[in-house]
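# Summary of structural features
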Amino acid sequence: MNKRKANQIIRGQNAVDGAGVHLRRVLGPVNIVDFDPFLMLDGFDSEDPKDYIKGFPWHPHRGIETITYLIKGKVEHGDSLGNKGTIHDLECQWMTAGSGIIHQEMPKESERMLGCQLWVNLPARDKMTIPAYGDITQEKVTLVEEENAVVRILAGTYKGKSGVFEGKYVKVKYLDIDLAPSSTWTYDETPNDQTLFIYLLDGNLAVDNNLSQFENKSCAVLFTSSDKDSDIYNSVEVRSGNQGARFVLLAAKPLKEPVAWGGPIVMNTNEELDQAFKELDNGTFIKHSV
């Protein structure tokens, strides 16, 4: 079986965002083309509440979906439409910002804050859709227990089973894999023309062709196919080190559309971007309300 090749390993860099949250910024504007439709990925991993307790106070979004997933931790959130709630261990919030939303995300003191937030670009035709939330609570997540791994399906399908959530605008596959120590895991369910990458949350993982060179946590690995037109899906094969590995697998079809990105707003043209910021200034940013 032909394998996808791990042709990019993005280790990112430490950053501070929000009101003083220390995080690992792994994907950003320089990765737009290769990781399309995925825009940004921030990783969180801290046992010190001072690293994250100030959170992300009220801020706007338009033109994207944000997906926040916690392995461990607690984050309270609220928005300008009156929605509010809490993300706990092994839970996910899938927010469609669409035409515009103003929200806040405030982490609470936890033994460990471990997780990530992913930004997914919305297609041009859906940039101004009605904002929405999808809350994926722990009891709703579909589990597939394998010999050396536990796979949680947040969105999409795996081995004939479906996750509770399905993206309405971009069909993202989102799997959480908890791989036992010194174990190999193989996956072959994504068409070759789709973007596929993993983000290593914890442990270490060999992703090279010989499965001999181990990467440490907090890196993203882009796997590409040798033949994007083939109907035979190329596989992804990884191997955990002696501490095991915890990683998420993300896959989706690229949009191949122009991107105009300004902070928390992502549109297709600079004119649309300018308009969004003008609306923020004059109080007309929110287009839909409850």
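This section reports on the structure supplied with the text. Note that the structure is predicted; figures quoted are calculated from it, not measured. (Residues numbered from 1 in each chain as written. Predicted model: local features only at pLDDT ≥ 70, side-chain atom pairs only at ≥ 80, totals over all residues. Heavy atoms only, no water.)

## Re the overall build of the protein chain
Put simply, the test is: A run of H or I in DSSP becomes a helix once it reaches four residues, and a run of E becomes a strand once it reaches two; helices and strands are each numbered from the N terminus. For this measure, only C-alpha atoms enter the radius of gyration; the expected value for a globule follows 2.2 Å times N^0.38, where N is the number of residues. Reported accessibility uses the Shrake-Rupley method at a 1.4 Å probe radius. Residues are deemed covered only where the shown protein chains occlude them.
Regarding its fold elements, the protein chain presents 2 helices and 24 strands. A compact globule built from 290 residues should have a C-alpha radius of gyration of about 19 Å, and the protein chain, at 18 Å, falls within 12% of that. Considering only C-alpha atoms, the protein chain reaches an extent of 55 × 45 × 35 Å along its principal axes. Accessible area of the protein chain: about 13100 Å², with a carbon and sulfur share of 46%.

## Some thoughts on a negative patch on the surface
Inclusion rule: Each patch is assembled from residues with relative accessible area greater than 30% and no salt bridge, linking like charges that lie within 9 Å and nonpolar side chains (Val, Leu, Ile, Met, Phe, Trp, Tyr) that lie within 5 Å. The term salt bridge refers to a pairing of a side-chain nitrogen on Lys or Arg with a carboxyl oxygen on Asp or Glu at a separation within 4 Å. The convention is simple: Lys and Arg are positive, Asp and Glu are negative, and His and the chain ends are not counted. One atom stands in for each charge, and that atom is NZ of Lys, CZ of Arg, CG of Asp or CD of Glu.
A surface patch of like charges, here negative, comprises D193, D227, D229 and D231. By the secondary structure assignment, D231 is in the loop between β21 (219-224) and β22 (236-252).

## Focus: the packing of aromatic side chains
So the rule is basically this: For this analysis, a ring pair means two rings from Phe, Tyr or Trp (six-membered ring only for Trp) whose centres lie within 6.5 Å, classed as stacked if their planes differ by under 30 degrees, edge-to-face if by over 60, and tilted for the remaining angles. Each residue is assigned to one of three classes by its accessible area relative to the maximum for its type, calculated with a 1.4 Å probe on protein chains only: buried under 20%, partly exposed between the two thresholds, exposed over 50%.
Under the counting rule described, the total for this entry stands at 10 aromatic pairs. On the numbers, 6.5 Å between centres and 75° between planes, the contact of F44 with F56 is edge-to-face. In this pair, F44 is assigned in strand β4 (residues 38-46) and F56 in strand β5 (residues 56-61), connecting sequence segments 12 residues apart. Both residues of the pair, F44 and F56, count as buried. Each ring, one from Y158 and one from W185, has its centre 6.2 Å from the other, and the planes form 35°; the classification is tilted. Taken as a pair, Y158 in strand β15 (residues 157-158) and W185 in strand β18 (residues 184-187) lie far apart in primary sequence, 27 residues in all. Look at Y158 and you get buried, because its relative accessible area is 1%. Take W185: its relative accessible area is 3%, and that puts it in the buried class. Taken together, Y158, W185, Y187 and F247 form an aromatic cluster joined through their ring pairs.

## Remarks on the sheet that holds β4
Keep this limit in mind: If DSSP finds at least two bridges between two strands, the strands pair. A fitted line through C-alpha atoms represents every axis, and for helices the fit uses only the stretch in contact; the resulting angles, taken between N-to-C directions, go from 0 to 180 degrees.
In space, the 7 strands of this open sheet follow the order β2-β3-β4-β11-β6-β9-β12, with antiparallel pairing throughout. One side of each edge strand has no neighbouring strand; the edge strands of this open sheet are β2 (13-17) and β12 (132-136). Shown here is a sheet whose adjacent strand axes are inclined to one another by a mean of 25°, direction ignored.

## Considering the nonpolar core
Quick reminder of the rule: Nine residue types can take part in a nonpolar core, namely buried Ala, Val, Leu, Ile, Met, Phe, Trp, Tyr and Cys, and a core is a set of them joined through side-chain atoms within 4.5 Å. In what follows, a contact means two residues having at least one pair of non-hydrogen atoms within 4.5 Å.
By size, the foremost hydrophobic cluster in this structure holds 33 residues, and its most contacted members are F38, L118, Y174 and F197. Considering each element in turn, this core owes the most residues, 4 residues, to strand β11 (residues 113-121). Setting aside its immediate chain neighbours within four residues, Y174 contacts I67, Y69, W94, C116, L118, R152, I153, L154, A155, V248, L249 and L250. In this structure, I153, Y158, W185 and V238 belong to the second largest nonpolar core, which totals 24 residues.

## Digging into the sheet that holds strand β8 (residues 84-87)
The strands making up a sheet associate through backbone hydrogen bonding, with each pair oriented either parallel or antiparallel. Spatially, 4 strands are ordered β5-β10-β7-β8 in an open sheet, and the strand pairing comes out antiparallel. Single-partner strands in this sheet number two, and they are β5 and β8. Taking each pair of neighbouring strands and ignoring which way they run, the sheet shows an average axis angle of 25°. Inspection of the sheet shows strand β7 (residues 75-79) paired to strand β10 (residues 101-107) by 5 bridges, in the antiparallel sense. Bridging across to β10, D79 finds its partner in H103.

## A closer look at unusual backbone geometry
Cis geometry is adopted by the peptide bond preceding P37, which originates at D36 and carries an omega value of 15°. In this structure, P37 sits in the loop between α1 (32-35) and β4. The phi dihedral of K159 falls on the positive side, at around 50°, and the residue is not glycine. Unlike most non-glycine residues, S218 shows phi in positive territory, near 75°. Structurally, S218 is set in the loop between β20 (214-216) and β21.

## Description of the pairing of strand β19 (residues 195-206)
Most of β19 is tucked away: 11 of the 12 residues are buried. In the sheet, β19 pairs with β21 via 5 bridges, with the strands oriented antiparallel. The residue bridging L200 from the neighbouring strand is C219, located in β21. Relative to β20, β19 runs antiparallel, the two being bridged by 3 bridges. Looking at β20, one finds that N204 is bridged to N216.

## Side note on helix α2 (residues 270-282)
Residues lying three or four places apart along an α-helix face the same way, a consequence of the helix completing one turn every 3.6 residues. Which entries qualify depends on this criterion: Take the number of residues in a helix, subtract one, and multiply by 1.5 Å to get its expected span. By arc we mean the arc of the directions from the helix axis to the C-beta atoms, nothing more.
Here α2 contains 13 residues, and its C-alpha end-to-end distance of 18 Å stays within 8% of the 18 Å for a straight helix at 1.5 Å per residue. Those residues of α2 that fall on the buried side of the exposure criterion are L273, A276 and E279. Angular distribution of buried residues about the axis of α2 spans 125°; they occupy a single face of the element. Residues of α2 that are exposed and angled more than 90 degrees away from the buried face: N270, E271, K278, D281 and N282. The positive-phi residue at the C-terminal boundary of α2 is G283, with phi of around 85°.

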